[in-house]
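# Architecture and fold: a report
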Amino acid sequence: MISVKTPVPAGTDSAQLVTELQKHYNITLGRFECEQIPSYLLLALSLTVRDRLIERWRETRLQEIQNNPKRVFYLSLEFLLGRTLSNAVMNLQTENEVAEALRYYGTSLEELRQNELDAGLGNGGLGRLAACFLDSCATLGLPVTGYGIRYEYGMFHQRIEQGRQVEYPDHWLREGNPWELERPELTKRVKFYGHTEFYINDRGRKCARWSGTNDVLAVPYDVPIPGYGNGVVNTLRLWRAAATDEFDLEEFNAGDYTEAVAAKNRAEQITMVLYPNDASENGKELRLRQQYFLASASLQDVLADWVHFHGENFGEFANKHVFQLNDTHPTLAVAELMRLLLDDYLLEWDVAWRITTSTMAYTNHTLLPEALEKWPVRLMRELLPRLLDIIYEINARFLAEVALRWPGDTQRQQRMSLIEEGNDPHVRMAYLGIVGSFSVNGVAALHSNLLKRGLFKDFFELWPEKFNNKTNGVTPRRWLAHSNRKLAELITEAVGDGWQTDLEKISHLKDFVNDSAFCERWFQIKQHNKAALAELVHRECGVCFDTGHMFDVQVKRIHEYKRQLLNVLHIIHLYDRIKRGDAVKMKPRCVLIGGKAAPGYAMAKLIIKLINNVAAVINADTSVKHLLQVVFLPNYRVSSMEIICPGTDLSEQISTAGKEASGTGNMKFMMNGAVTIGTYDGANIEILEAAGGENFFLFGLRVEDIPAYRAAHKPNQIIEHDEDLKRVMQLLECGHFSLFEPGIFDPIVAAIRRDDDPWMVAADFRSYVEAQRKAAEMYQDRAAWTRMSILNAAASGRFSSDRTIREYARDIWQII
Ligand code: 26W
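Overview of the structure. If you're wondering where the values come from, they're calculated on a predicted model, not measured in any experiment.

The rules we used
Residues numbered from 1 in each chain as written. Predicted model: local features only at pLDDT ≥ 70, side-chain atom pairs only at ≥ 80, totals over all residues. Heavy atoms only, no water. Helix = DSSP H or I, 4+ residues; strand = E, 2+ residues; numbered from the N terminus. Buried < 20%, exposed > 50% of the residue type's maximum accessible area, 1.4 Å probe, protein only. Polar contact = N/O pair within 3.5 Å; in protein donor to acceptor, adjacent residues only side chain to side chain. Contact = heavy atoms within 4.5 Å. Pairing = 2+ DSSP bridges. Axes fitted to C-alpha atoms, helices over the stretch in contact; angles between N-to-C directions. Near = heavy atom within 4 Å. Areas by Shrake-Rupley, 256 points an atom, 1.4 Å probe, with all protein chains shown as cover. Nonpolar A, V, L, I, M, F, W, Y, C, P; charged D, E, K, R; others polar. Core = buried A, V, L, I, M, F, W, Y, C linked by side-chain atoms within 4.5 Å. Right-handed = clockwise from strand over helix to strand, strands pointing away. Phe/Tyr/Trp six-rings, centres within 6.5 Å; stacked < 30°, edge-to-face > 60°. Lys NZ or Arg CZ within 6 Å of the ring centre and 35° of its normal. Parallel < 35°, antiparallel > 145°, perpendicular 65-115°, else oblique. Left-handed = near helix turned anticlockwise from the far one by under 90°.

This paragraph deals with the side chain of Thr235. Inspection of the secondary structure assignment puts Thr235 in strand β12 (residues 233-243). For Thr235, a relative accessible area of 17% puts it in the buried group. Polar side-chain contacts of Thr235 include one of 2.8 Å to the side chain of Trp57. Non-local contacts of Thr235, meaning those with residues more than four positions away in its chain, are made with Trp57, Val144, Thr145, Gly146, Asp222, Val223 and Ile225.

In structure tokens form, the structure reads like this:
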């Protein structure tokens, strides 16, 4: 409970806010003021802020109806929004009034917001990118609507028990969600199962219909997406699955009450939980249902809106719509749009196909083969029979085109087919995305080039004009203006206002690198942010980080390709040096690692256990503490990154070259003045180019080196010839970090020693250690480090998602 302090008289605007707050607290929520329960105060404030959004929201929608612009729909199975309240307050530019109004209640936004749960409707990079994009679209005033799923349970909560990850459900809607507006009047029906029927219509044409289906209702919930200071409020529409009434009735009439309830549960299961896999698809039927549910409900919604305003004339439809597909997850939209246009609106195949292929655009986010979605044909035949018909028809026509272009090249036809043949044939979702779209893009320059040269080579040869790059970005509002208030103020003082919506302006910071007073203030703010991060670490891990030491941070999903393991090997190496008495020249550091492992990914979970065991040994050793501290921060999520990135000195971006499509954490750190230690991979390459090689710690093999290296990769020889790595491996192998659990890390040791280690951990160890040594050395030179820090922030302009969205809007969507 918040203590009641002496009420402070409020100004006009804030006086009004107090009145509204009181109204919501006392009337809407029916609570008593004297109680002052923080969670209800938070809810009352959220409702107050929401009221202000809703006026602008309606206005934005009315404007859109009036102007009838070309509209974009961002289809994504994930939107990792994080917290909403303070972002909304910032974008409405009403922070001072809110602060003043809250003083009346003796509290602050900073204090209240701690009670807000993250909306964790995403796994990692792809989901957070979707959230940053929505922010940029609204800020740029673009008519873009997000479509996604309202998962009852978001990304699981991670706890660490005995050093291991344990998953707990994230029932984020438990206390109600003030940021959504249910729109039951716009409910859609989504079909499953059944079969295709053909019939001759009244014009004598052969038509198809999908009948005998088990339908599920899709109920939309709208979430407001405010632009920054421009009065625009766009919409994110999230669908919830609900059982149909007649479904219940049939069963009830048959007298089977329990079966009726079970059927209802089966329908509602579709939107129950977010799948927590971020890299390997698991082929679960429920996941396919989620994907179709999103695609169908969203397209029906867009078509219904079109028909409402324009009737069943689709002549102009393609000029007015673009659907951006966030990875392959929503690519069933290609077949579903065809189905709706053919079966419901009776268009000819060629007309429907022209509309589809001039409105769909597909973004690829990964080169990892295990992440490429393929659905068994037998599953689709059962669950989505009509869609499978259409996919086969698309494929037949497509392969005819391939045959025409490369006569007789049957191998190529097999390679390019939407169907992977074999005794259990599968539909290749990425290929459906490419064939059905007019644009295919990667998310960083290197990644887009690798798509053209590797994964999608055949398609690039056929349609070079479809392929393009859109390097990712992040919103500078949440990731700098909001999360790093003090630095934001200093930046404004230096470069003036306006950088929040035109991040290129931040480049003027470079004029200040020789201004020692400015540098000192920059340094002090970093120290202040490090103290806040240290406080979080202390609260969560019980370890006291020394803010005088370099803060070395790696936070992201746990995956072998991201090489948290390489980080651990380096930590063990430092520990070994200290214990050997070889620490005279060693510079102190605090290492923080955080991230969730997919629950079924045994190796990733074992890596978490290793990090925790190594941290336990190191932190318990008083002879080590002054040089090295290590923590694994549990439950890494959007709201923790808001504290982590402002307080980081060294940002770890150490994936095996060619594996990280882009990375976006790397950009958040850079904006906040962290220096990167990284491989030549994903957007690191562009970060390095922007910041300059002297402000970046580059190490490791490059993509072009890897094939030759891989062929001759002998980790055991590398280990044998590298005294440091040898000792690290010995510590791992003798059970130094697993005294009471002998042998538990054997799989890790074996993975590093394998000749065919796909992640090349041993190969990059030496150059990583060297780069780390340089970084630690450089950190001791406060002036030099601060200079690098400033120059990194100054070079981060390109990594605003506003730049990315402008490129999408200009090149793909053609709306500006
Ligand atoms: C089918 C299961 C599944 C689920 C999610 C497979 C793959 C994914 C995503 C592609 C994982 C992801 O988040 N990818 C990341 O996308 C970011 C935004 O473009 C990039 O910055 C990251 O490099 C990429 O790993």
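Moving on from the model shown.
This part takes up the sheet that holds strand β25 (residues 697-698). Taken in spatial order, the six strands make up an open sheet running β22-β21-β20-β23-β24-β25, and their pairing is parallel. A strand with exactly one partner marks an edge of an open sheet, and here the two such strands are β22 (628-633) and β25. Where strand β20 (residues 550-555) lies against strand β23 (residues 650-653), two bridges are found, and the strand directions are parallel. Across the sheet, Val553 pairs through a bridge with Ser651, a residue of β23. Along the sheet, helix α21 (residues 516-541) makes contact with β20, β21 (589-594) and β22, crossing β22 at roughly 70°. Relative to the sheet, helix α23 (residues 602-620) contacts β21 and β22, its axis offset from that of β22 by approximately 145°.

Lining the immediate environment of the ligand, one finds 20 residues, of which Leu126, His365, Asn472, Glu660 and Gly663 sit closest. Measuring from an oxygen atom of the ligand, one finds a backbone N or O atom of Leu126 at 2.9 Å. Residue Tyr561 places a side-chain N or O atom 3.2 Å away from an oxygen atom belonging to the ligand. Protein contact buries 95% of the 570 Å² of open area that the ligand shows by itself. Tallied by class, residues from the shell around the ligand come to six nonpolar, nine polar and five charged.

In terms of nonpolar packing, the biggest core is built from 179 residues, with Leu332, Leu509, Ile644 and Trp813 touching the most fellow members. Ranked by residue count, the leading element in this core is helix α9 (residues 285-310), at 11 residues. The next biggest cluster of nonpolar side chains, apart from the first, holds 68 residues, and it includes Ile578, Ala583, Ala751 and Ala776.

So, about the environment of Leu503. Inspection of the secondary structure puts Leu503 in the loop between α20 (485-495) and α21. Once the C-alpha coordinates of Leu503 and Arg803 are considered, the two residues, 300 residues apart in sequence, prove to be 8.7 Å apart. The residues touching Leu503, leaving out its near neighbours within four places in the chain, are Pro476, Met671, Ser796, Gly797 and Ser800.

A few words now on the sheet that holds strand β17 (residues 426-428). Overall, antiparallel pairing links the three strands, which are arranged β15-β17-β16 in an open sheet. Only two strands of the sheet have a single neighbouring strand rather than two, namely β15 (374-376) and β16 (419-420). As paired elements, β15 and β17 share three bridges and run antiparallel to each other. Looking at the pairing, Trp375 lines up with Val427 of β17.

Before going further, it helps to spend a moment on the pairing of β22. With respect to burial, β22 is a largely interior element, six of its six residues being buried. For the handedness criterion, the β-α-β arrangement of β21, α23 and β22 is classed as right-handed.

What follows deals with the packing of aromatic side chains. Think of a pair of aromatic rings as described by two things: how far the centres are apart, and how the planes are tilted against each other in angle. Tallying each qualifying case throughout the model produces 26 aromatic pairs. Considering the side-chain rings of Phe314 and Phe317, the 5.8 Å spacing of their centres and the 65° angle between planes classify their relative orientation as edge-to-face. Across this residue pair, the class does not change: Phe314 and Phe317 are buried. Ring-pair connections join several aromatic residues into one group, and the members of that group are Tyr74, Phe79, Phe133, Tyr808 and Trp813. A cation over a ring is seen here: Arg31 above Tyr40, with NZ or CZ 3.8 Å from the ring centre.

This part is about the packing of helix α29 (residues 723-733) against helix α30 (residues 746-753). Running from N to C, α29 and α30 cross one another at 150°; their axes reach a closest spacing of 10 Å. Considered as vectors, α29 and α30 are oriented roughly antiparallel to each other. When you trace α29 past α30, the crossing you get is left-handed. Together, Met729, Leu732 and Glu733 of α29 and Val749, Ile752 and Arg753 of α30 make up the contact between the two elements. Tallied by class, the residues present in the contact of α29 with α30 amount to four nonpolar, no polar and two charged.

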